[in-house]
Amino acid sequence: QVQLVESGGGLVQAGGSLRLSCAASGSIFSIHTMGWYRQGPGKQRELVAVTTSTGNTNYADSVKGRFTISRDNAKNTLYLQMNSLKPEDTAIYYCNAIIKRVPTMGGENYWGQGTQVTVSS
């Protein structure tokens, strides 16, 4: 099986920074697109940032210039550096990855359990 485990969430004041990590483990042949999503109170889950296996990135307009997504392919780990945090960034942040478990299979979609980020004003 495959697991995605997030860490790094917490409580921070507005203007502060946090760094989220997501470690993938288990039976992994290759990892393709990885991304961060978030779900705020009373809101739908939304895309924050994604990165492909070749390093291309895409960000939600609301986080451009403040958040940076990166990955360490050797460690199967995804990161999200969040700077200049705002109260509206408060949400549960979820890691997502498209993973091939064996070379003959297509990629499967996996989610982490989520990590809470709370930004106080």
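Here is a short report on the structure shown in this document. Here the residue numbers are simple positions, counted from 1 along each chain's written sequence. Under the rules for a predicted model, residues below a pLDDT of 70 receive no local features and side-chain atom pairs below 80 are neither given nor counted, while totals for whole chains, interfaces and linings still include all residues. Working from all heavy atoms in the structure, the side-chain values ignore hydrogens and water.

Overview of the environment of Thr118
Here comes step 1: Here a strand is any run of E in DSSP of at least two residues, a helix any run of H or I of at least four, and the numbering for each starts at the N terminus. Note on placement: Thr118 falls in strand β11 (residues 115–120).
Here comes step 2: Overall, Thr118 belongs to the partly exposed group, its relative accessible area being 28%.
Here comes step 3: For the pair formed by Thr118 and Lys100, sequence separation is 18 residues and the distance between their alpha carbons is 33 Å.
Here comes step 4: Apart from the residues lying within four places of it in its own chain, the contact partners of Thr118 are Gly10, Leu11, Val12 and Thr90.
Here comes step 5: Polar contacts here mean pairs of N or O atoms no more than 3.5 Å apart (in protein, one a potential hydrogen donor and the other a potential acceptor; neighbouring residues in sequence count only if both atoms are side-chain atoms). A distance of 3.3 Å separates a polar atom in the side chain of Thr118 from a polar atom in the side chain of Gln116. Throughout this description, buried means an accessible area under 20% of the type-specific maximum (1.4 Å probe, protein chains only), exposed means over 50%, and partly exposed covers the range between. Throughout, a contact is declared for two residues whenever any of their heavy atoms are within 4.5 Å.

Remarks on the packing of aromatic side chains
Here comes step 1: A pair of aromatic rings is counted whenever rings of Phe, Tyr or Trp (Trp by its six-membered ring) have centres within 6.5 Å, and the orientation is called stacked for planes under 30 degrees apart, edge-to-face for over 60 and tilted otherwise. Under the definition given, this model contains one aromatic pair.
Here comes step 2: Aromatic side chains Tyr37 and Trp111 sit 5.1 Å apart centroid to centroid with 65° between the ring planes, which places their arrangement in the edge-to-face category. Of this pair, Tyr37 sits in strand β4 (residues 30–39) while Trp111 sits in strand β10 (residues 108–111), placing them 74 residues apart in sequence.
Here comes step 3: Accessibility expressed as a relative area gives 21% for Tyr37, which makes it partly exposed.
Here comes step 4: One Lys or Arg, Arg19, reaches over the ring of Tyr79 and ends 4.1 Å from the middle of that ring.
Here comes step 5: Just above the ring of Tyr94 sits the side chain of Arg45; from NZ or CZ to the centre is 3.7 Å. A ring is scored as having a charge over it whenever the NZ atom of a lysine or the CZ atom of an arginine sits within 6 Å of its centre and within 35 degrees of its normal.

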